Amino acid sequence: MDLGIRGKRALIGASSKGLGRGCAEALAAAGVDLVLNARGIEALEDTAEVIRAAYGVNVTTVAADITTEEGRAKVLEAAGHVDILVTNAGGPPPGTWSNWTRDDFIKALDGNMLTPIALMQAMLPHMIAKGWGRVVNITSSAVRAPIAELGLSNTARTGLTGFVAGTSRQVARFGVTINNMLPGIHATDRAASLDKGVASTQGITIEEAATRRQASIPAGRYGTSAEFGATCAFLCSQHAGFIVGQNIMLDGGAANISI
Ligand code: NAP
């Protein structure tokens with residue numbers, strides 16, 4: 001299917017690896033020029049080179065921590081105006097409700113709520129003026145089906161979800177859509193580090209932890225960055241203009257929610 005977005009420009013946060021990279025590759029395959037970001041320069045440059053070689057699109061890289069004001073300023077300066085914004089950053093660590101401090105909450109809110117909001121506030125005016133834009137926020141299935149030990153993530157991401165619910169409906173009439181993608185477990189470094197955490201708390205091997213977690217998913221496996229990216233590219237396509245303010249679960253059926 002031609003997604004109808006060839007020649008457009010996208011900023012994708014936290015995109016040298018994992019789900020952000022999956023989105024970047026799928027958008028590049030649709031002919032979209034990219035601005036990629038990550039803190040580590042090496043993986044970022046490697047990813048950019050692979051994408052340029054595979055898809056022939058222009059790729060700009062910005063090595064910066066997107067959750068800091070300084071890092072965001074660097075990213076926004078390099079990106080200028082874009083047609084497509086995919087917000088993403090690393091997730092907060094797991095823990096227990098009784099141990100989280102105010103500083104832990106502020107860090108989580110900065111990373112997973114205030115950063116995507118700041119990026120939208122920076123990019124939406126130009127999209128509105130142009131009469132076309134697409135925003136996809138990578139959040140988590142924990143927004144719909146909260147995971148107890150990921151309380152910092154649950155808290156920050158539901159705040160973002162509230163912002164998107166209202167804002168997406170205010171900008172839709174200008175041809176701009178905002179939607180959230182809610183990943184369940186996908187085979188990325190993040191999933192590997194959560195497997196490691198489960199292994200150490202349950203006293204089992206990492207392989208056993210992964211096997212048990214995969215068995216708990218109706219699809220019987222973890223998701224892939226490629227299928228996640230393909231959904232992202234569709235949401236950014238010309239065909240998705242009537243999808244507004246939605247929270248799309250990609251979890252292999254793990255959360256038993258009927259509506
Ligand atoms: P990942 O594999 O750990 O990838 C993280 C990517 O983000 C890397 O490119 C990393 O590069 C970059 N990054 C991390 N923090 C950054 C920052 N502050 N500024 C700029 N770049 C940053 O993570 P993922 O699995 O793709 O997950 C993406 C998001 O989805 C996370 O918020 C995660 O919590 C959420 N999520 C993931 C899953 C899953 O199963 N994978 C499930 C639910 C939710 P550098 O380290 O070099 O910066």
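Throughout, residues of each chain are indexed from 1 in the direction in which the sequence is written. Note on the predicted model: pLDDT of at least 70 is required for a residue's local features to be given, and 80 or more for side-chain atom pairs to be given and counted; whole-chain, interface and lining totals, by contrast, use all residues. Note that the side-chain values use all heavy atoms of the structure and ignore hydrogens as well as water.

(A) Highlighting the overall build of the protein chain. The helix and strand labels rest on DSSP assignments: H or I over at least four residues marks a helix, E over at least two residues marks a strand, and numbering proceeds from the N terminus. In terms of regular secondary structure, the protein chain is built from eight helices and seven strands. In terms of overall dimensions, the protein chain has C-alpha extents of about 55 × 40 × 40 Å along its principal axes. Throughout this description, buried means an accessible area under 20% of the type-specific maximum (1.4 Å probe, protein chains only), exposed means over 50%, and partly exposed covers the range between. Residues counted as buried form 47% of the 259 residues belonging to the protein chain. Every residue pair with non-hydrogen atoms within 4.5 Å of one another is taken to be in contact. Across the protein chain, the fraction of contacts at a sequence separation of at least 24, relative to all contacts at a separation of at least 6, is 73%.

(B) Summary view of the pattern of salt bridges. Any carboxyl oxygen of Asp or Glu within 4 Å of a side-chain nitrogen of Lys or Arg constitutes a salt bridge here. For the coordinates displayed, the defined rule picks out seven salt bridges. D195 is the salt-bridge partner of R213, the closest N and O atoms lying 2.7 Å from each other. Here the residue R213 occupies a position in helix α7 (residues 206–215), and D195 occupies one in helix α6 (residues 189–202), the gap between them amounting to 18 residues. With relative accessibility at 5%, the residue D195 sits in the buried group.

(C) Focus on the sheet that holds strand β6 (residues 176–183). Pairing between strands is defined by DSSP: at least two bridges between them are needed. Judged by pairing direction, the sheet is parallel, and its seven strands sit side by side in the order β3-β2-β1-β4-β5-β6-β7 without closing on themselves. The two strands at the open ends of the sheet, each matched to only one other strand, are β3 (59–63) and β7 (247–250). For this sheet the average axis-to-axis angle between neighbouring strands, irrespective of direction, equals 15°. Axes here mean lines fitted to C-alpha atoms, for a helix over just the part in contact, with angles spanning 0 to 180 degrees between N-to-C directions.

(D) Summary view of the site of the ligand. The environment of the ligand is formed by 28 residues, the closest being S16, L19, A89, H186 and T188. Pairs of N or O atoms are called polar contacts if they sit within 3.5 Å, as long as, within protein, a hydrogen donor faces a hydrogen acceptor (for residues adjacent in sequence, only side-chain-to-side-chain pairs). A distance of 3.1 Å separates a nitrogen atom of the ligand from a polar atom in the backbone of I66. Taking A89, its main chain carries an N or O atom lying 2.6 Å from an oxygen atom of the ligand. Bound to the protein, the ligand loses 89% of the 880 Å² it would expose on its own. When residues of the shell around the ligand are traced back to their parent elements, those giving at least two are α1 (18–29), β2 (33–38) and α6. Lys, Arg, Asp and Glu make up the charged group, whereas Ala, Val, Leu, Ile, Met, Phe, Trp, Tyr, Cys and Pro make up the nonpolar group; the residues left over, Gly among them, are polar. Across the shell around the ligand, the residue classes break down as nine nonpolar, 13 polar and six charged. When we break the shell around the ligand down by domain, the ones giving at least three residues each are domain 1 (9–184 + 225–242) and domain 2 (187–222). We call a residue near a molecule or strand when any one of its heavy atoms sits within 4 Å of it. Where accessible areas are quoted, they stem from the Shrake-Rupley method and a 1.4 Å probe; at the residue level, only the protein chains shown are allowed to cover. For the purposes of this description, domain bounds are those given by an automatic or database domain assignment.

(E) Main features of unusual backbone geometry. The phi dihedral of A14 is positive, around 45°, even though this residue is not glycine. By relative accessible area, which is 22% here, A14 ends up partly exposed.

(F) Here's a closer look at the state of the cysteines. Cysteine sulfur atoms are paired as a disulfide whenever they fall within 2.5 Å. Applying the stated rule across the entire model yields zero disulfides. With no disulfide of its own, C23 lies closest to C232 among cysteine sulfurs, the gap being 3.4 Å. Residue C23 is classed as buried on the basis of its relative accessible area of 0%. When its relative accessible area of 0% is taken as the criterion, C232 is described as buried.

(G) Up close: the domain arrangement of the protein chain. Domain assignment breaks the protein chain into domain 1 (9–184 + 225–242) and domain 2 (187–222). Put simply, the middle of domain 1 and the middle of domain 2, counted by C-alpha atoms, are 25 Å apart. Opposite the nine residues of domain 1 that make contact, domain 2 presents six residues. Both sides together, the interface formed by domain 1 and domain 2 hides about 480 Å², and carbon and sulfur atoms give 44% of it. In this structure, the salt-bridge partner of R221 is E227, at a minimum N-O distance of 2.7 Å. Our count for the contact surface shared by domain 1 and domain 2 stands at three residue pairs in polar contact (both at pLDDT 80 or more). Put simply, the parts of the chain that give the side of domain 1 that touches domain 2 at least two residues each are α1 and α8 (225–235). Residue composition of the side of domain 1 that touches domain 2, grouped by class: four nonpolar, three polar and two charged. Once two parts are put together, the accessible area they lose, assessed with a 1.4 Å probe and summed over both, is termed the buried area.

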